[in-house]
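What follows is each chain in one-letter form.
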Amino acid sequence: MINLIGFIVDRLNWWGERLGIDVRVRHGDTSSYERRKQAKKPPDFLVLTPETLQAILPGSRMKKHLSKVKNVIIDEVHDLADSKRGIQLSLALERLADLTEGMQRIGLSATVGNPKEVSNLLVGDRDCEIISTDNISTSCIIFVPTDEKITFNQSRLFRSVILSNDAASDNT
């Protein structure tokens, strides 16, 4: 089985090195030294699992940093739609949204059977825009809440949390 977090982090690190973006991962195997570093100086992109997000939300220092999150990207969101992990993710997103002044939720998937059902996982009963791209090489559906859209300023990168569906290392 491919370690999805490792795959995502490798690709993001490649881009991060070229663009000056700090990318870090946090999961059950993350050392206490690395966790302290993240708590003192959070990265631009933090890649973690839904379980890890739930675990770091109560921490006072991390809560302060998480309040600055502007974007949450959920990769392979279809895998979470009908599971306990999906419910946990939905609750964690609401808790995180309560901390922020405006947070864009983006769900990515190439194989969504019922887009409306999956969008409910991410945004509840709020309106959202479902963007579907269908071409030969790629099929992707993105869910973007219409009341939480953020305009990107190309001269400034916003902090992001990227949630991976990799359950291989989900203890914090």
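Read on for an overview of the structure. (Residues numbered from 1 in each chain as written. Predicted model: local features only at pLDDT ≥ 70, side-chain atom pairs only at ≥ 80, totals over all residues. Heavy atoms only, no water.)

**Thoughts on the overall build of the chain**
Quick note on the threshold: Helix and strand labels come from DSSP, where a helix needs a run of H or I of at least four residues and a strand needs a run of E of at least two; each type is numbered from the N terminus. Exposure classes here rest on a 1.4 Å probe applied to the protein chains alone. A residue is buried below 20% of its type maximum, exposed above 50%, and partly exposed in between. Only heavy atoms matter for contacts: two residues are in contact if any of them lie within 4.5 Å across the pair. The Shrake-Rupley method, run with a 1.4 Å probe sphere, supplies the accessible areas, and residue values consider only the shown protein chains as cover.
Of regular secondary structure, the chain possesses six helices and seven strands. Secondary structure elements in the chain, listed N-terminal to C-terminal, are α-β-α-β-α-α-β-α-β-α-β-β-β. Relative to its 172 residues, the chain shows a buried fraction of 44%. The long-range share in the chain, meaning contacts at least 24 apart out of those at least 6 apart in sequence, stands at 68%. As displayed, the chain has an accessible area near 9600 Å², and 52% of this comes from carbon and sulfur atoms.

**Observations concerning the packing of aromatic side chains**
As a reminder of what qualifies: Here the aromatic set is Phe, Tyr and Trp, taking the six-membered ring for Trp, and pairing holds for ring centres within 6.5 Å; pairs whose planes are under 30 degrees apart are stacked, those over 60 apart are edge-to-face, and all others are tilted.
Counted by the stated rule, this structure contains one aromatic pair. On the basis of an interplanar angle of 85 degrees and a centroid distance of 4.7 Å, the ring pair of Trp14 and Trp15 is categorised as edge-to-face. According to the relative accessible area criterion, Trp14 is partly exposed, its value standing at 41%.

**Overview of the pattern of salt bridges**
Should the charged atoms of two oppositely charged side chains come close, the side chains can pair. The cut-off we apply is this: Salt bridges are identified by distance alone: a Lys or Arg side-chain nitrogen within 4 Å of an Asp or Glu carboxyl oxygen.
As enumerated under the stated definition, the model contains seven salt bridges in all. Because the salt bridges share partners, they merge into one network encompassing Asp22, Arg24, Glu34 and Lys37.

**Brief notes about the environment of Glu129**
By secondary structure assignment, the location of Glu129 is in strand 5 (residues 128-134). Distance from Glu129 to Ser119, taken between C-alpha atoms, is 8.9 Å for residues 10 residues apart in sequence.

So far we have only geometry, and geometry alone does not tell us how the molecule works.
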